[in-house]
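# Structural features, examined
Here's the letter readout for the chains.
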Amino acid sequence: MAVQKKEAAGDQSHSKSQPKSQPKNCYCLAKCVLKGSAVLQAVYGHIRSPTTLDVVFGKETALELVVVSENGTIQPVCEQTVFGTIKDLAVLPWNDQCRAAQPQTYGKDLLVVLSDSGNLSFLTFSVEMHRFLAVAHIHLSQSGNLRRELGRMLAVESKGRAIAVAAFEDRMAVFPVTTAAGNNIVEEKIVYPMESRMQVVDTEPGSSRTRETITGLGTIWSMSFVSIECKASSKGGSILVLAVLLHRKGAVLNELQVLVCDTKEKTIHLRSRFSSPGPLALSVAGIPASPGFALLFRNGDFILLDLINPSNPCVVSRVRLSRLTVDEEMNVLEDYAGQEGDEEGNFSVAASALLELSDSRTSSAGRGDIIYSEQCKFSSSCPAISSWSWEPDYFGNPRLVICLDVGDFFIAEFLLGVQDGIKIKVSNCHYKCSPCKLLLWTKGGFIAALVEMGDGQVLKIEEGALVCRSLIQNIAPILDISLVDYHNEKQDQMFACCGMGREGSLRIIRNGISVEKLLSTPPIYQGVTGTWTMRMKHHDSYHSFLVISFVEETRVLSVGLSFVDITDAVGFDPNASTLACGLVEEGRVVQVCRNEVRLCAPTAAAHPAGLDLSVPLCTSWRPKSLSISLGAIAWRTIILALSSPGILLMLGIRTSSSGGHELYEIQKVQLQAEVSCISIPQEEPGPSSVPASIVGLVEDNSYGTFPDGVEIGKICVVGTHKPSVELLSMVHGENFTALAVGSISLTNTMGTAVSGCVPQDVRLALFDRLYILSGLRNGMLLRYEWPTSSIFSSELTSPNCALNTMLDAKSSLTDSYESCHSQDKINFNKMDTAESSFPAQLQLIAVRRVGMTPVFLVPLCESLRSDIIALSDRPWLIQIARDSQRIAYTSISFQPATHATPVSSIDCPTGIFFVADCSLHLVEMVHTKRLNVQKLLLGRTPRRVLYHSESKTLLVMQSECYEDDSGPVSEICCVDPLSGSLLSTFRLDPGETAKCMRLWKVGNEQVLVVGTGLSAGRAIMPSVLKAVF
């Protein structure tokens, strides 16, 4: 966006004295290079549809909708900014007995957002519009959220009957969910405590003002609804129990208040208070499917509360948290009855934990009456629960995953139906990592563990243990960046200082999808005209041959640990340029050259499944008096375009009289315009599955349905110089038939025709529906689709159809053909356009410019559902959109390439060969990452980074403060940007803190100038880098 900077009115006189050459208005262009990655909230529910289970991340000022795939990777669907800063996030579950049915939200969970805008917002996700839409806004207060204004914290009743909103202190409110029809989601709020107003009269006559007096609750730390049995309520579902953990001014410990809300009477009453001796209580949570029970998390343990009788809460059991290794057994469950503590000692413990003023070991030493002195002294070293999450859709006993502030993961199972009520069974330590601020247990046993200043992880429960399946990248906070053209890759990238403490790292931030380079050759491959990969057998899992065509020669390389030239063993002509090649039958491959088509059976020297002969078996077919301009190969079918304008020819394979195989001509047809490109759609064997991002949004039986007459293996797509794209039927023994035609006629904004609209490449692609993609020679990419009503229906194939004349006139296939004779007496076949079928007129629905050079389309596998690489000025990836209803175009973080082909081997199953700058590059796309960021772990907090172009190394300034009062430690490190290894280190003197640094050229040498400061206390780093020399 462009931002205009205007001069202030008070500076007008000063501006008049400025030179006239200085512009009056200054414009700045702001562009978001990388969106925020810090996740502060995470919720889980049926967001997109009643059948999908989605995850929503709250990222301070944005919402990100993601799905967890079957392999445990996070796939982003949509990210949308919101007005204001998100304070809390929750999901209001669907309940037809509590919430009014609305067409756009029926069966779906609503997203409840609390922000400093002063509104309580209810959002739903629109798949068609690919964004969150507001269903309702409830005004709570003015923007900014003062301490006593509602808007700090959310709590949602498990059945979706009510929502509780709390302020920072002294006030909270309950919003019952309404069942009345209309746009309202909730009823009028029920505030607690009740507000009282008094009239204050000033001394001056006629003046008065109103002052609000509030009987304070205290600082609200946590709150949660506690489910109760229906029979326990005499008024049915109108009675709700809310547990609120707060700290009252002057109190020793935090206090748990049990409130009872009557949604019919619109009242909230305090039923009881609970404050047990011991460590400081931190948060409270209800237990799913366990009416009347709640958990109270404290510093060093958590206790199980019985709130069946809200007037008399009691402790059932306590689980003590201790620092355990993976092999240690946790024996923490114990009876809580009869335990008491000293009030004075408890005050020292609470004050130390809350204010971090001193070590509680000192204040608790020698006090034998404190019951926790033997096991844990509740100091800063005492473990506490930093995050937790309940298992969704559990069967049997509910389970809770917890993470301690030391990074240990445990799973607590709550045994229901036992004789004594509820028993807690805690497992051994399942996993250890950095302490997590947020946990979210999702479907399939996946757990999203989010770290505050580092990368999160997706964990999965496997065989009783937690295993990391993928990372959730988080580059916050960014302390410094350096923008360079690293290794002359013709694209800028940023080196950023990210993270804090042991999560400190350097990040390499690039644009587009991340690419990992596996192999690069010297620039010795001049004149490459094409690259292909082939299998030896149709059902092989990996490719066997890599074919590289040059201007006047062809080379065939083996695919494996090393690429070896096996051209002679395959049988391809090494002295001719290849136009097309591929597998035509089991163990037989085809090479299409300018003057011949060669059918080859490779030997065992080229592939273990080859012939046990010294030379390959080869046979060829040559056109008479014409040359071949284009070719495409499919199973037992070869389509050729001859140099004579518009001649399209089909070859087949058959057994000869000598027992071998030979190529023969089946049929040919002449078009009105010359053919510019050909492709034959193919489908990989085996059933196709619905992508993870669209599961639940489309039916399995409707996904991938084709229009009538379109059958894979019996169609081809051609582009012509007319220009146009056409879908043809190519059935053996039948005439070529035009199934669909799309004309190309583009104009610019001035109404002038756009030149260079000849198709360079054309593909049939299946995303949410069937499309035809066409890359033009002028760098544009077109997308066609079938009309809404199928043109191939029986009603339109009648000779009396009114569209007969119109469609037949627009077909580029002629009605008159010359006859010619061949060895098999095959003539030009006449097109059946007037009696049997009518070509559909394709609808041009999208035009996109991806560059200025011709666009080549390269599928990543032999499937209509495959992602496609579009090569032009830079490579792009075309794939199914994360919102499942569109096609997404994403740039690939790689230099401009002229050719590309997918290659699959045991060592690299998803590799891609790019030809760029006369070199071959074997790369692997990592498009499952949410961010195109490479991590170089340092283990300390990086403050500044510089790139030294002469040595191609990074200079990093690190500063760290330790808790042992040893003072700050600063280092200047030299880091290899490829491996992240530490090359050299210079440590500053103790107490000397590095503040800034710059490279300075003195004569023929470069020196590093470092600005330092002396401080005996904690190091304070500048927020803005400013150095003057």
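Above this note sits the structure.
Residues numbered from 1 in each chain as written. Predicted model: local features only at pLDDT ≥ 70, side-chain atom pairs only at ≥ 80, totals over all residues. Heavy atoms only, no water.

### Some details on the overall build of the protein chain
The condition is simple: A helix here means a DSSP run of H or I that spans at least four residues, while a strand means a run of E at least two residues long, and both kinds are numbered starting from the N terminus. For the exposure calls, accessible area comes from a 1.4 Å probe over protein chains only, and a residue counts as buried if that area is under 20% of its type's maximum, exposed if over 50%, partly exposed in between. We call two residues contacting when some pair of their heavy atoms lies within 4.5 Å. Areas reported as accessible are Shrake-Rupley estimates using a 1.4 Å probe. Residue values count occlusion only from the protein chains shown.
Across its full length, the protein chain holds five helices and 72 strands. When burial is assessed residue by residue, the protein chain has 52% of its 1029 residues classed as buried. Put simply, 51% of the contacts in the protein chain that link residues at least 6 apart link residues at least 24 apart. Here the protein chain displays about 48,200 Å² of accessible surface, and carbon together with sulfur accounts for 50% of that area.

### Concerning a nonpolar patch on the surface
Selection rule: What goes into a patch is any residue over 30% in relative accessible area without a salt bridge, connected to like charges within 9 Å or, for nonpolar side chains (Val, Leu, Ile, Met, Phe, Trp, Tyr), within 5 Å. Salt bridge, as applied in this entry: a Lys or Arg side-chain nitrogen positioned within 4 Å of an Asp or Glu carboxyl oxygen.
There is a patch of nonpolar side chains on the surface, built from Trp 1000, Val 1002 and Val 1007 and spanning about 270 Å² of accessible area. Mapped onto the secondary structure, Trp 1000 falls in strand S71 (residues 992–1002).

### Some words on the nonpolar core
Keep this limit in mind: The definition of a nonpolar core used throughout is a set of buried Ala, Val, Leu, Ile, Met, Phe, Trp, Tyr and Cys residues joined through side-chain atoms within 4.5 Å.
Among the nonpolar cores identified, the biggest contains 24 residues, and Leu 727, Ile 744, Leu 764, Ile 772 and Trp 786 are the most heavily contacted of them. Among the secondary structure elements, those contributing two or more residues to this core are strand S51 (715–720), strand S52 (724–729), strand S53 (737–743), strand S54 (759–766), strand S55 (770–776) and strand S56 (780–785). Those residues within four positions of Leu 764 in sequence are excluded, and the remaining contacts are Pro 681, Ile 712, Ile 715, Val 717, Leu 770, Tyr 771, Ile 772, Trp 786 and Leu 864. Core analysis: the next-biggest nonpolar cluster, separate from the first, contains 22 residues, Ile 287, Leu 304, Ile 385 and Leu 404 among them.

### Details of the sheet that holds strand S39 (residues 528–534)
To keep things clear, this is the line we draw: The criterion for strand pairing is that DSSP finds at least two bridges linking the strands in question. Fitting a line to C-alpha atoms yields each axis, with helices limited to the stretch in contact; the angle taken between N-to-C directions then spans 0 to 180 degrees.
Across the sheet, which stays open at both edges, the three strands sit in the order S39-S40-S41 with antiparallel pairing between neighbours. A single partner strand is all that each edge strand has here, and the edge strands are S39 and strand S41 (554–558). Each adjacent strand pair in this sheet contributes to an overall mean axis angle of 15 degrees, direction not counted. Pairing geometry for S39 and strand S40 (residues 545–550), over six bridges, is antiparallel. In the strand pairing of S40, Val 528 is matched with Phe 550.

### Side note on the environment of Lys 935
For Lys 935, the location among the structural elements is in strand S66 (residues 933–937). Accessibility expressed as a relative area gives 31% for Lys 935, which makes it partly exposed. Distance in space between the C-alpha atoms of Lys 935 and Pro 977 is 10.0 Å, their sequence separation being 42 residues. Not counting residues up to four positions away in its chain, the partners in contact with Lys 935 are Asp 455, Glu 503, Ser 505, Leu 506 and Arg 507.

### Observations concerning the side chain of Thr 637
The test is simple: N or O atoms closer than or at 3.5 Å make up a polar contact, with two conditions inside protein: a donor-capable atom paired with an acceptor-capable one, and, for residues adjacent in sequence, both atoms drawn from side chains.
In this fold, Thr 637 is placed in strand S47 (residues 637–642). Of note is the side chain of Thr 637, whose polar atom sits 3.1 Å from the side chain of His 732. In contact with Thr 637, not counting residues within four places along its chain, are Val 584, Ala 632, Met 650, Leu 651, Met 730 and His 732.

### A short note on the sheet that holds strand S69 (residues 969–975)
Strand order in this open sheet of four strands is S67-S68-S69-S70, and the pairing throughout is antiparallel. This sheet does not close on itself; its edge strands, each paired only once, are strand S67 (942–948) and strand S70 (982–987). Along the sheet, successive strands turn relative to each other by an average axial angle of 20 degrees, direction set aside. Bridge analysis of S69 against S70 gives five bridges, and the strand direction is antiparallel. Bridge pairing in S70 places Glu 971 opposite Arg 987.

### Description of the pairing of strand S49 (residues 661–670)
Two strands pair when backbone bridges link them, and strand S48 (residues 647–655) and S49 are joined in this way by nine bridges, in the antiparallel orientation. From the neighbouring strand, Leu 651 faces S49, where its bridge partner is Glu 665. Linking two consecutive strands that pair antiparallel, namely S48 and S49, is a turn of five residues; a positive phi of about 95 degrees is found at Gly 659 within it.

### Details of the environment of Arg 636
Along the chain, the position of Arg 636 falls in the loop between strand S46 (628–634) and S47. Each C-alpha atom of the pair Arg 636 and Leu 583 lies 8.5 Å from the other, and the pair is 53 residues apart in sequence. Setting aside chain neighbours within four positions, we find Arg 636 in contact with Val 584, Glu 585, Leu 651, Gly 652, Ile 653 and His 732.

### A few points about the packing of aromatic side chains
The test is simple: Stacked, tilted and edge-to-face are the three classes assigned to paired rings of Phe, Tyr and Trp, where Trp is represented by its six-membered ring and a pair needs centres within 6.5 Å; plane angles under 30 degrees give stacked, over 60 edge-to-face, the rest tilted. By definition here, charges over rings are those cases where NZ of Lys or CZ of Arg is within 6 Å of the ring centre and within 35 degrees of the ring normal.
Applying the stated rule across the entire model yields 10 aromatic pairs. Considering the side-chain rings of Phe 125 and Phe 132, the 5.2 Å spacing of their centres and the 75 degrees angle between planes classify their relative orientation as edge-to-face. Just as Phe 125 is buried, Phe 132 falls in that class too. Put simply, the rings of Phe 297, Phe 302 and Trp 388 touch in pairs and so form one group of aromatic residues. It is Arg 654 that lies over the ring of Tyr 664; its NZ or CZ is 4.4 Å from the centre. One Lys or Arg, Arg 783, reaches over the ring of Tyr 771 and ends 5.0 Å from the middle of that ring.

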